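# What the coordinates show
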Amino acid sequence: METPSVTSKRVDFQVDPNSYRHLRLKIDGEVATIEIDIDEDGGIKEGYELKMNSYDLGVDIELYDITQRLRFSYPQVKVVVVTSAKEKIFCAGANIKMLAQSSHQWKVNFCKFTNETRLGIEDATTNSSQVYIAALNGVAAGGGYELALACDKILLVDDRSSAVSLPEIPLLGVLPGTGGLTRVVDKRFVRRDLADYFATKPEGVGGKKALTMKLIDELIPKATFGDDVAKYASQLASSIEKIAPSKGVEFSPLKKVIDQDLISYDYVKIVINRALRYAEITINLPDGITAPTSIEVAKGQGENFYLLALVRQLDDAILELRTNEAEIGTWVIRGKGNKDEIINFDNLILDNRSDWFANEVLHYLKRTIKRFDVTSRSLITLIEKDNLLSGSLFEIALSSDRIYHLIDTEDETSTPSFALSKMNLGPLPMGNGLTRLESRFFGDVTSLEKVQEAISKVIDGDLALSLGLVTFAPDDIDYEDEVRLCLEERAAFNPDALTGMEANNRFVGPETMETKIFARLSAWQNWIFYRPNASGEEGALRRYGSGIRGNFNKERI
Amino acid sequence: MAIANYDEKIPNNVDLGEDRRLKRALESWQPNFINWWKQMGPTLPTEDVYLRTAVNVGRDGWAQFGHVAMEEYRWGIFLAERDRDRKIAFGAHKGEEAWQQVPGEYRSDLQRLIVIQGDTEPASVEQQRNLGLTAPSLYDLRNLFQVNVEEGRHLWAMVYLLHAYFGREGREEADELLLRNSGSSDSPRILGAFNEETPDWLSFFMFTYFTDRDGKYQLGTLKESAFDPLSRTCEFMLKEESHHMFVGTTGIDRVVRRSCEVMAEHDTFDIAQYGAIPLAIIQKYLNFHYSVSLDLFGSEISTNAANYFTTGLKGRWAEEAQGDDHLLGSSVVEIEHLTEGGQITSREVSALTALNHTLRNEYIADCQNGVTRWNRVLEEFGVDFRLSLPATSFNRKVGIFSAIETTPNGQIISAEAFEAAKENYLPSDGDKAFVRSLMRPVYETGKIASWIAPPIKGINSQPFDYEYVHLA
């Protein structure tokens, strides 16, 4: 397990392409290449070497940064080739020594972020016409193959030794748990018994067999690998239609100040209450910021376009709190500012969905709000005076476990309110494919229809309560106490039970590949991680590389 | 409906007039309470009653006497004076400042404790509502009504806590307190003992002696609570509760005295024919009320009680006088134990889980005082009979003894044997019918029924023949 000195160092999710240690991004017109060339000594923590292109959170942070910049800064890119700069090895997956020494919390949070990035890759392929292809110039094992699985196409070098494999079960006693098992059957449609065979075969499958089993899409001769991949990529690029300029929006580092229990960005402010283990997250729209009159004006503002800037800050804030503040178990979310302006922003984006920039902002917003859905914290949204959370930003409220809506009886003219917009009716779906409203009113069409009719109405506490859009609407006499009691009560419960309850309540209805990855696969993986068979002194994960096999408790549970 | 001038209408020391939350909550609750009182309160119509009203918590203020129409009784809200330095005396929070607010962590438990306590208060008013029709004297009638209005005030005290500290849920629970009714088949009172009608005055005296005494002990443990407003509320309630027990103690005393007088007069134990209550029947009533009151203490071993103690919600009787660490982490106590073979032995258990048992033992010792007092009357008259508390194991429906039957002496007998001998232990239908036959109202000033002796003193230095109640 990790030592306190290591944990006390904050992880920063902001990286600069000029200082990447592990990945290289090359742009050649419509084709981009991500070269994996992991620096063995560049682990984000001490105690392990990132051999064989194995990765840790630090590598994943760079990968996430690249996927984001590709969408915003290089919108002309249609094909992204993911390959390795190392001989005979594409990627060996997550570093085993790192996993073995990490706390349970660290492993779970790391895997969650990895999953989000991989889903982001698929999102780029689907929604941004940026198709990822994995060019496996060597072995892709475990997480390395899982990364390839997130790509649209998998090309494997035919050198009679390179193979794809998911050796977690036979070698480590855990699962290929960052989407691997799910994507093999749900995305690549590998037959289930063959998937069983594949996932228990430590050396994996290469050559024609891999092709027949649908584990890869193309087998490419070693001698012509580079050229063939390039040809494949450019042919693919020319088949993709996309209207986008050759230059996009640059991202400069976020202005972020961390001072003890205060974390602040331009539009997001976080105050941490350590005694009661909650963080108050306030989203601000300062006076004077209004929605631009056209999408061209917005584009001209670039990274300073309010909605984009806000989403970047929120994105970082979520990752920051998740990774660096594990004990802050409740997030209390508020919005302050003119909510009508958010509706204007929403309309600007929705009226220009064919524009690449509006499209990217929309999907980035979608991905970021999805992060709330899978965050293992109690989310409590407060609708108070000058509430900003409306339309797209009300999705954050809808992602919350509870919403408290203040009714001001003293000053009824300014009693807190919000409004819904078309953003709440489809453009920002959850991982289960439903809107948050559909999820909220699952199995209750009447209520859903009533809410849909209330689009663009001013919704005060009484109306919100009757529509089922908020949990409680206490008046100003009760409000403060109700919220206090809720937060204090929350802090007293078993955090694990809360995580389980919340995950259960947030996701209703149909299962998708995405929800299966976050629930079915991750939940099993997280359980296996915690079992002595994997992480005990004699567990397979702990013993990996020691020459001694894991000693298992043989009971099937 | 707005209540004009709260402080005038509802005497209080909680700044009611300034508290928006309370005002709002009481605006809807108060008319419902009056409505409840009209429907479920005393059935005997009266013009006014000589009642004690608490108008403040000071020495003079808590007992102001005067004739008032009961519906206009000024049910007040009083907490004992706040000790600003009060520290939590026990449990995991020992030594910390007493809580002036409900900690979210304990909200549910505290609310539950207050609701259960609050539910018993109006319950007893409902149980006793018909007693006025058969009062043995105006003095007793007045005492009954005094007990009733004060139980009503104790309901107000609990409702105050729910309104002031438990938000919306608290208000809902306060409403429910008026909607459950003693003996109702649809929505009965929470505790079983509070769903039995109090059918006659002997039962009433037994109830105020034994069952209200359970209330005293429950209030005493809540008085220790880390939640200061609850503590202070219960401290003040205890003052009034002692009057209820006085009604019980002296009531039974006077019944015993009257029986002795008639026995002496006719030189026989068989005094039923002379309109007095035979001592054997008194003993059977005592057996019944004592044993059902023991059940109110719950199971001897209780994790709930242990949790309440550890979390600081509920202490022990006179917690600060207990000479231990007030944590009970490793203390043990002896409690009764039933062997597999059905023998009563004892065993050692953690003192923390045996808190109900410990409190019950304090109660038993206290109950014995009254018995001793009544036996002095018997001694005084040279009667060769002594009243006694039955064994703890007798007639129990809760706790370890619920599995067996014993005689009042504690001798284990079969269920069949118990059933056969039951009429000797507990009031039989015949006994009850006889006692009920004595229950004829005496509303004439200075007069009293045949089965009870007049009190030695009147109320508030008034004579016995004072006009304590003006009937309508």
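Residues numbered from 1 in each chain as written. Chains lettered and ligands numbered in written order. Predicted model: local features only at pLDDT ≥ 70, side-chain atom pairs only at ≥ 80, totals over all residues.

### Here we look at the overall build of chain B
Of regular secondary structure, chain B possesses 12 helices and 7 strands. Over its C-alpha trace chain B gives a radius of gyration of 23 Å, about what one expects of a compact globule, namely 23 Å for 472 residues. Here chain B holds 472 residues, and the buried ones make up 46% of them. Within chain B, contacts between residues separated by at least 24 positions form 70% of all contacts whose residues are at least 6 apart in sequence. (Helix = DSSP H or I, 4+ residues; strand = E, 2+ residues; numbered from the N terminus. Rg over C-alpha atoms; globule rule 2.2 N^0.38 Å. Buried ≥ 20, exposed ≤ 12 C-beta atoms within 10 Å, placed from the backbone. Contact = placed C-beta atoms within 7 Å.)

### Things to note about the overall build of chain A
When you go through chain A residue by residue, the secondary structure sums to 23 helices and 21 strands. Computed over the C-alpha atoms, the radius of gyration of chain A is 24 Å, within 12% of the 24 Å expected from 2.2 N^0.38 for a compact globule of 557 residues. Overall, the C-alpha framework of chain A stretches about 75 × 55 × 45 Å when taken along its three principal axes. Going through the 557 residues of chain A one by one, you find that 51% of them count as buried. For chain A, the proportion of contacts with a sequence separation of at least 24, taken over those separated by at least 6, is 73%.

### Here we look at the domain arrangement of chain A
Many descriptions give the size of an interface as the accessible area lost when the pieces come together. All names here are of chain A. One can read the domain layout of chain A as domain 1 (4-239) and domain 2 (261-499). Using C-alpha coordinates to define each centre, domain 1 is positioned 33 Å away from domain 2. Across the contact, 16 residues belong to domain 1 and 14 residues belong to domain 2. If one sorts the elements of the side of domain 1 that touches domain 2 by residue count, helix α4 (residues 104-127) sits on top with 8 residues. Taken together, the residues that form the side of domain 1 that touches domain 2 break down as 5 nonpolar, 6 polar and 5 charged. (Domains from an automatic or database assignment. Nonpolar A, V, L, I, M, F, W, Y, C, P; charged D, E, K, R; others polar.)

### Quick word on the confidence of the model for chain B
Per-residue pLDDT for chain B averages 94, and the proportion of residues at 70 or more is 99%. Predicted complex, confidence summary: ipTM 0.82, pTM 0.90. (pLDDT = per-residue confidence, 0-100.)

### Digging into the nonpolar core
Counting residues in each nonpolar core, the largest one holds 280 residues, and the members touching the most others are Ile133, Ala134, Leu136, Ala148, Leu155 and Val164 of chain A. With 16 residues, helix α4 (residues 138-165) of chain B is the largest single contributor of residues to this core. Here Ala148 of chain A is in contact with Ala134, Leu136, Ala140, Ile154 and Val164 of chain A, once residues within four sequence places are set aside. (Core = buried A, V, L, I, M, F, W, Y, C linked by C-beta atoms within 7 Å.)

### Here's the deal with the sheet that holds strand β11 (residues 205-206) of chain A
All names here are of chain A. Read across the sheet, 4 strands follow the order β5-β8-β10-β11 without closing on themselves; strand pairing throughout is mixed. Of all strands in the sheet, those bounded by a partner on one side alone are β5 (88-91) and β11. Direction of pairing for strand β8 (residues 138-141) relative to strand β10 (residues 163-165): parallel, over a ladder of 2 bridges. Paired with Ala141 across the bridge in β10 is Ser165. Where helix α5 (residues 143-150) meets the sheet, its contacts fall on β5, β8 and β10, and the angle it forms with β8 comes to roughly 90°. (Pairing = 2+ DSSP bridges. Axes fitted to C-alpha atoms, helices over the stretch in contact; angles between N-to-C directions.)

### Observations concerning the environment of Met423 of chain A
All names here are of chain A. Along the chain, Met423 falls in the loop between β20 (417-418) and α16 (436-440). The exposure class assigned to Met423 is buried, which follows from the 26 C-beta atoms found within 10 Å. Remark: the alpha-carbon pair of Met423 and Asp217, spanning 206 residues in sequence, is separated by 37 Å.

### A few points about the pairing of strand β1 (residues 46-53) of chain B
Residue and element names in this part refer to chain B. Two elements, β1 and strand β7 (residues 469-471), share 3 bridges in a ladder whose sense is antiparallel. Bridge assignment links Asp48 to a residue of β7, and that residue is His470. Pairing of β1 with strand β2 (residues 64-68), which is carried by 5 bridges, proceeds in the antiparallel orientation. Its bridge partner being in β2, Val49 is matched across the sheet by Val68.

### Here's the deal with the interface of chain A and chain B
Contact with chain A, which involves 12 residues of that partner, is made by 10 residues of chain B. Grouping the constituent residues of the side of chain A that touches chain B by class yields 6 nonpolar, no polar and 6 charged.

### Things to note about the environment of Asn287 of chain B
Residues and elements named next belong to chain B. Relative to the helices and strands, Asn287 resides in helix α8 (residues 279-295). Distance from Asn287 to Ala391, taken between C-alpha atoms, is 9.1 Å for residues 104 residues apart in sequence. With near-sequence residues (within four places) excluded, Asn287 lies in contact with Pro390, Phe394, Asn395, Pro408, Tyr425 and Leu426.

### Some thoughts on the environment of Phe78 of chain B
Locating Phe78 of chain B in the fold gives a position in the loop between β2 and α3 (107-127). Along the sequence, Phe78 of chain B and Ser293 of chain B sit 215 residues apart, while their C-alpha atoms lie 27 Å from each other.

### What about the packing of helix α6 (residues 201-223) of chain B against α8 of chain B?
All names here are of chain B. Between α6 and α8, the least distance of the axes is 9 Å, while the angle of their chain directions is 30°. Judged by the inter-axis angle, α6 sits roughly parallel to α8. For α6 against α8, the interelement crossing comes out right-handed. When α6 is examined against α8, the residues Leu202, Ser203, Met206, Phe207, Phe210, Thr211 and Asp214 are found in contact with a partner set consisting of Tyr285, Leu286, His289, Tyr290 and Ser293. In the contact of α6 with α8, the residues fall into 7 nonpolar, 4 polar and 1 charged. (Parallel < 35°, antiparallel > 145°, perpendicular 65-115°, else oblique. Left-handed = near helix turned anticlockwise from the far one by under 90°.)

### Notes on α4 of chain B
Residues and elements named next belong to chain B. Over its 28 residues, α4 runs 40 Å from end to end, which matches the ideal 40 Å to within 8%, given 1.5 Å per residue. Judged by how many residues are buried, α4 sits mostly within the fold: 27 of 28 residues are covered. In the segment just after α4, Gly167 is the residue with positive phi, at about 60°. (Expected span 1.5 Å × (residues − 1).)

### What to know about the sheet that holds strand β4 (residues 79-84) of chain A
Residue and element names in this part refer to chain A. Taken together, the 6 strands give an open sheet; going across it, the order is β1-β2-β4-β7-β9-β12, and neighbouring strands pair in mixed fashion. Strands at the two margins of the open sheet, each flanked by one partner only, are β1 (23-28) and β12 (218-221). Across the sheet, the mean angle separating the axes of adjacent strands is 25° when strand polarity is ignored. Bridge count between β4 and strand β7 (residues 131-136): 4 bridges; the pairing is parallel.

### Things to note about α3 of chain B
Over its 21 residues, α3 of chain B extends 30 Å from the first C-alpha to the last, a length consistent with the 30 Å expected when each residue adds 1.5 Å. In terms of burial, α3 of chain B is a largely internal element, 15 of the 21 residues being buried.

### Re the pairing of strand β16 (residues 278-284) of chain A
Residue and element names in this part refer to chain A. Burial runs high along β16: 5 of the 7 residues are buried. Pairing geometry for strand β15 (residues 268-273) and β16, over 6 bridges, is antiparallel. Opposite Val271, over in β16, you have Glu280 as the bridge partner. Linking β15 back to β16 in an antiparallel pair, the connection comprises 4 residues, with Arg277 at a positive phi of about 55°. Pairing of β16 with strand β17 (residues 330-336), which is carried by 7 bridges, proceeds in the parallel orientation. The residue of β17 that forms the bridge with Glu280 is Val332.

### A look at the confidence of the model for chain A
On average, residues of chain A carry a pLDDT of 95, and 99% of them reach 70 or more. Confidence drops under a pLDDT of 50 for residues 1-7 of chain A, and excluding neighbours within four residues, the segment shows 8 contacts in the predicted structure.

### Considerations on the packing of helix α13 (residues 339-351) of chain A against helix α15 (residues 391-398) of chain A
The angle between the axes and the distance between the axes are what describe a pair of packed helices. All names here are of chain A. At a minimum axis distance of 7 Å, the contact between α13 and α15 shows a crossing angle of 110°. Viewed along their axes, α13 and α15 adopt a mutual orientation that is roughly perpendicular. Of α15, the residues touching α13 (which contributes Ile342, Ile343 and Asp346) are Gly391, Ser392 and Leu393. For the contact of α13 with α15, the class distribution of residues is 3 nonpolar, 2 polar and 1 charged.

### With respect to unusual backbone geometry
Residue and element names in this part refer to chain A. In this model, Asn53 sits at a positive phi of 55°, which is unusual for a non-glycine residue. Its location among the elements puts Asn53 in the loop between β2 (31-36) and β3 (54-55). The backbone phi angle of Lys88 is positive, close to 60°, even though this residue is not glycine. Mapped onto the fold, Lys88 is located in strand β5. Given 14 C-beta atoms within 10 Å, Lys88 falls into the partly exposed group.

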